[in-house]
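Chain residues, written in single-letter form:
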Amino acid sequence: MANLLLTEKCVRACSYCFAKEYLKESKENVLSWENLIYVADLFEASNERHISLLGGEPTLHPDFVDFVLYLFERKLKVNVFTSGIMANKILETARKNLLNIPFENLSFTCNYNHPDTSTSNETKQINKFLQSFSKSITLGFNLYQPNFELKYLVDAILKYDLRKHIRLGLAQPIPG
Ligand code: SF4
């Protein structure tokens, strides 16, 4: 499976972020349609079918929904890594256009930080996203400090009827 970075922007600043340096350096660098089509052609030629969309926050790309629809038309299976924090307008467009795509073709991995580390507005936005795409969402958690608890993830899975699956990531120490 290949990872495709759509933007170098994010609304969060997670201490363990793998893309921290990029997020600091450039705010306007987004993937072009030309490059997206090039990648889709490459996938078609290689028979690879799975692609992950990342950033930064991929949903901040101005053409995020159209990109997903295009990749779906090209018969690729898309997984979107997101913080789940989406502006109402983006979430509404995503709901309107993407809700009918079967889970096998479009899934989300939500990097679900502990609610205590989010503002109330962020938590509200994440909850709206979880409610909207419930069955297509796997929660993700990054191990980056010795003490952690996972119960809040299980609580959210049960509350929003999400996939009964947690993706655990192991963050590499970042010098400095
Ligand atoms: S949500 Fe993801 S991209 Fe954004 S700062 Fe956190 S780890 Fe980085």
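This structure is a prediction, so every number in the text was calculated from the model and none was measured.

Conventions and cut-offs
Residues numbered from 1 in each chain as written. Predicted model: local features only at pLDDT ≥ 70, side-chain atom pairs only at ≥ 80, totals over all residues. Pairing = 2+ DSSP bridges. Helix = DSSP H or I, 4+ residues; strand = E, 2+ residues; numbered from the N terminus. Axes fitted to C-alpha atoms, helices over the stretch in contact; angles between N-to-C directions. Core = buried A, V, L, I, M, F, W, Y, C linked by C-beta atoms within 7 Å. Buried ≥ 20, exposed ≤ 12 C-beta atoms within 10 Å, placed from the backbone. Contact = placed C-beta atoms within 7 Å. Expected span 1.5 Å × (residues − 1). Near = placed C-beta within 6 Å. Nonpolar A, V, L, I, M, F, W, Y, C, P; charged D, E, K, R; others polar. Parallel < 35°, antiparallel > 145°, perpendicular 65-115°, else oblique. Left-handed = near helix turned anticlockwise from the far one by under 90°. Right-handed = clockwise from strand over helix to strand, strands pointing away.

Undergrad: Can you walk me through the sheet that holds strand β4 (residues 106-111) in this structure?
TA: Hydrogen bonds between backbone groups are what pair the strands of a sheet, and the pairing can be parallel or antiparallel. A sheet is described by the order of its strands in space; here six strands give the open sequence β1-β2-β3-β4-β5-β6, paired in parallel fashion. Each end of this open sheet is capped by a strand with a single partner; those strands are β1 (2-5) and β6 (166-170). Pairs of neighbouring strands in the sheet enclose a mean axial angle of 25 degrees, with direction left out of account. Sheet analysis places strand β2 (residues 50-54) next to strand β3 (residues 77-82), joined by four bridges and oriented parallel. Directly across from Leu53, in β3, lies its bridge partner Val80.

Undergrad: Got a minute to help me understand the nonpolar core in this structure?
TA: One recurring pattern in soluble globular proteins: nonpolar side chains tend to sit buried together. Of all hydrophobic cores here, the largest spans 27 residues; its most connected members are Phe67, Val68, Val78, Ile137 and Leu139. Of all the secondary structure elements, the ones that give two or more residues to this core are α3 (64-73), β3, α4 (88-98), β4, α5 (120-132) and β5 (137-143). Here this core takes four residues from α3, the largest share from any one element. The residues contacting Val78, other than those within four sequence positions of it, are Ile51, Leu53, Val68, Leu71, Phe72, Asn105 and Leu106.

Undergrad: What am I meant to see in helix α2 (residues 33-46) here?
TA: Since one α-helical turn is 3.6 residues long, residues separated by three or four positions face the same way. Its 14 residues give α2 an end-to-end C-alpha distance of 20 Å, which sits within 8% of 20 Å, the value for a rise of 1.5 Å per residue. Counting buried positions along α2 gives one out of 14 residues, so the element sits mostly on the surface. One or two residues past the end of α2 sits Asn47, with phi positive at roughly 65 degrees.

Undergrad: For this particular structure, what's the right way to read the environment of Pro102?
TA: For Pro102, the position within the fold is in the loop between α4 and β4. The spatial distance from the C-alpha of Pro102 to the C-alpha of Leu162 is 15 Å, given a sequence separation of 60 residues.

Undergrad: I keep staring at the site of the ligand and nothing clicks. Help me out?
TA: Taken together, the residues surrounding the ligand are Cys10, Arg12, Ala13, Cys14, Cys17, Ala19, Gly55, Gly56, Glu57, Ser83 and Asn111. Of the residues belonging to the shell around the ligand, the class tally is five nonpolar, four polar and two charged.

Undergrad: Would you mind showing me how to read the packing of α3 against α4 here?
TA: Think of two packed helices as two axes; the pair is described by the angle between the axes and how far apart they sit. Where α3 meets α4, the axes come as close as 10 Å, and the angle between the chain directions of the two elements is 20 degrees. The orientation of α3 relative to α4 falls into the category roughly parallel. The crossing of α3 and α4 is right-handed. From α3, Val65, Val68 and Leu69 reach across to α4, where they touch Thr93, Ala94, Asn97 and Leu98. The class makeup of the residues in the contact of α3 with α4 is five nonpolar, two polar and no charged.

Undergrad: For this particular structure, what's the right way to read the pairing of β4?
TA: Within a regular strand, side chains alternate between the sheet's two faces. The buried count for β4 comes to five of six residues, which makes it a mostly enclosed element. With five bridges connecting them, β3 and β4 associate as parallel partners. By the bridge assignment for β4, Val80 is matched with Phe108. The handedness of the β3 to β4 crossover, carried by α4, is right-handed. Judged from the four bridges that link them, β4 and β5 form a sheet pairing that is parallel. The residue bridging Phe108 from the neighbouring strand is Ile137, located in β5. With α5 bridging β4 and the parallel β5, this β-α-β connection has right-handed handedness.

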